[in-house]
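Structural description and commentary
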Amino acid sequence: MRLVEIQGAGGPEVLAIVDGPKPEPKPGEVLIRVIAAGVNRPDVQQRRGLYPPPPDASPVPGLDVAGEIAAIGEGVTGFSIGDPVCALVNGGGYAEFCTVPALQCMTVPRGLTFIEAASLPEVYFTAWNNVIWLARLAEGESLLVQGGTSGVGMAAIQIARKLRNAAVFATAGSPEKLAVCEEIGAQHAVSYRGDWAAELRALTDGFDVIVDAQAGPYTQKQLDLLRPDGRLVFLASHQGETAEVNIRAIVRRRLTLTGSTLRPRPAAYKGRIAAELIREVWPLLESGAIRTRIHKVFAFEDVRAAHQLMDSNEQIGKVVLAVDEARAGTAPRERGEN
């Protein structure tokens, strides 16, 4: 099968399409014939040598896929050969075939194409894990999403608005991106290129939850924007691994500062998220109440160009690889259809 190999740490030029063995599903796993694969920020970090895969994961990049089940491992129930699924994978998504724990698979939402389905798992798993589970966003609370037009940012905004009736604010880096944040549910969006903390303080009396991937110099500014009992959740630390913070203020105002990495979590943990997404979010995707936004689709052979776009940070929404170009833009047939 064809797969993408990272040939040393560096820019998009280190990505190469090579031939490799088709993986076999272990007990509890399924083999997916990949039709489309999402391109995510962790893939870029892995390519740069900054985000190594866990020891038991494939070295092939790619964390979310959509396709059809091609083989079923021992002990797996609930799936059949040919079922259309999307999945959060532990690695190996940039390939024609990929194995994944069956617990991490979800049916493709009705009416969505394989391209659209491939855009869902990584961002919705991440948003759900951080906004709903870790930050415990409650009905009617307020949320600030730093980087509102990232895939995770757009998922977080829509989950918060549609499932928690939250007052959502966001930051973004261009007028077009600010407009998209407000279009999908943000009450206000401000540019992170200016004094975003002062602008937000003028708009609201604070936030119950802030979700951020920057850290570093952002940290204390965000703690200052939290209401008493507020929660600051880090997805990454792009602007700095360390920060000086006011511990007394954290104690006095009962603030929570936390973070997460989902990739090393066991399949059982991810499976619980998958079940909640199917129950809570999938009906909203099928009705159109929540939407995925595809910025651009690249042919599998153009994986370097896909990563060049990610490096430019110009995308709004998801970048997707069409592994099977003939079928990627089609919706799977419903069971029973001819």
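Residues numbered from 1 in each chain as written. Predicted model: local features only at pLDDT ≥ 70, side-chain atom pairs only at ≥ 80, totals over all residues. Heavy atoms only, no water.

**A few points about the overall build of the protein chain**
- Counting its secondary structure elements, the protein chain contains twelve helices and 15 strands.
- A globule of 338 residues ought to have a C-alpha radius of gyration of about 20 Å, and the protein chain, at 20 Å, matches this closely.
- Counting only C-alpha atoms, the protein chain reaches 55 × 45 × 35 Å along its principal axes.
- When burial is assessed residue by residue, the protein chain has 54% of its 338 residues classed as buried.
- Excluding contacts between residues fewer than 6 apart, the proportion of contacts in the protein chain whose partners are at least 24 apart in sequence is 68%.
- Positive and negative charge centroids in the protein chain, built from 35 and 39 side chains respectively, lie 5 Å apart. (Helix = DSSP H or I, 4+ residues; strand = E, 2+ residues; numbered from the N terminus. Rg over C-alpha atoms; globule rule 2.2 N^0.38 Å. Buried < 20%, exposed > 50% of the residue type's maximum accessible area, 1.4 Å probe, protein only. Contact = heavy atoms within 4.5 Å. Lys, Arg positive; Asp, Glu negative; His and termini not counted. Charge placed at Lys NZ, Arg CZ, Asp CG, Glu CD.)

**Regarding the pattern of salt bridges**
- In this structure the tally under the stated criterion is 13 salt bridges.
- We note a salt bridge from Glu183 to Arg291, for which the minimum N-O separation is 3.9 Å. Residue Glu183 is located in helix H5 (residues 175-183), and its partner Arg291 is located in the loop between helix H10 (282-287) and strand E14 (294-299); the two are separated by 108 residues in the primary sequence.
- Overall, the relative accessible area of 43% leaves Arg291 in the partly exposed class.
- Connected through salt bridges with shared partners, the residues Arg2, Glu96 and Glu301 form a single ionic network. (Salt bridge = Lys/Arg side-chain N within 4 Å of Asp/Glu carboxyl O.)

**Digging into the packing of aromatic side chains**
- For the coordinates displayed, the defined rule picks out three aromatic pairs.
- With a centroid separation of 5.1 Å and an interplanar angle of 85°, the aromatic rings of Trp133 and Tyr269 are classed as edge-to-face. Of this pair, Trp133 sits in helix H3 (residues 121-134) while Tyr269 is found in helix H9 (residues 267-280), placing the two residues 136 residues apart along the sequence.
- Given a relative accessible area of 10%, Tyr269 falls into the buried group. (Phe/Tyr/Trp six-rings, centres within 6.5 Å; stacked < 30°, edge-to-face > 60°.)

**Here's the deal with the pairing of strand E10 (residues 188-191)**
- Across four bridges, strand E9 (residues 167-172) lies against E10 in parallel orientation. Opposite Ala170, over in E10, you have Ala189 as the bridge partner.
- In this fold, E9 hands off to H5, which returns the chain to E10; that crossover is right-handed. (Pairing = 2+ DSSP bridges. Right-handed = clockwise from strand over helix to strand, strands pointing away.)

**Focus: the state of the cysteines**
- Counted according to the given criterion, the structure contains zero disulfides.
- Looking at Cys105, it has no disulfide partner, and the nearest cysteine sulfur is the one in Cys86, 8.4 Å off. (Disulfide = S-S within 2.5 Å.)

**What about the sheet that holds strand E12 (residues 226-234)?**
- Strand order across the open sheet formed by six strands is E10-E9-E8-E11-E12-E13, with parallel pairing between neighbours. The strands lining the two open edges of the sheet, one partner per strand, are E10 and strand E13 (256-259). With strand direction ignored, the average angle separating the axes of adjacent strands in the sheet is 15°.
- Relative to the sheet, H5 contacts E9 and E10, its axis offset from that of E10 by approximately 160°. (Axes fitted to C-alpha atoms, helices over the stretch in contact; angles between N-to-C directions.)

**Quick notes on the packing of helix H6 (residues 196-203) against helix H7 (residues 218-225)**
- Running from amino to carboxyl end, H6 crosses H7 at an angle of 5°, the nearest separation of the two axes being 11 Å. Taken together, the axes of H6 and H7 are roughly parallel relative to one another. Judged by residue contacts, Trp196, Ala197, Leu200 and Arg201 of H6 engage Tyr218, Lys221, Gln222, Asp224 and Leu225 from H7.
- When grouped by side-chain class, the residues that make up the contact of H6 with H7 number five nonpolar, one polar and three charged. (Parallel < 35°, antiparallel > 145°, perpendicular 65-115°, else oblique. Nonpolar A, V, L, I, M, F, W, Y, C, P; charged D, E, K, R; others polar.)

**Here we look at the environment of Gly153**
- Along the polypeptide, Gly153 turns up in helix H4 (residues 151-164).
- A residue is classified by how much of its surface remains accessible, and Gly153, at 2% relative accessible area, is buried.
- In this structure, the C-alpha to C-alpha distance between Gly153 and Arg136, residues 17 residues apart in sequence, is 17 Å.
- Look past the residues within four positions of Gly153 in its chain and what remains in contact with it is Val145, Gly147 and Gly148.

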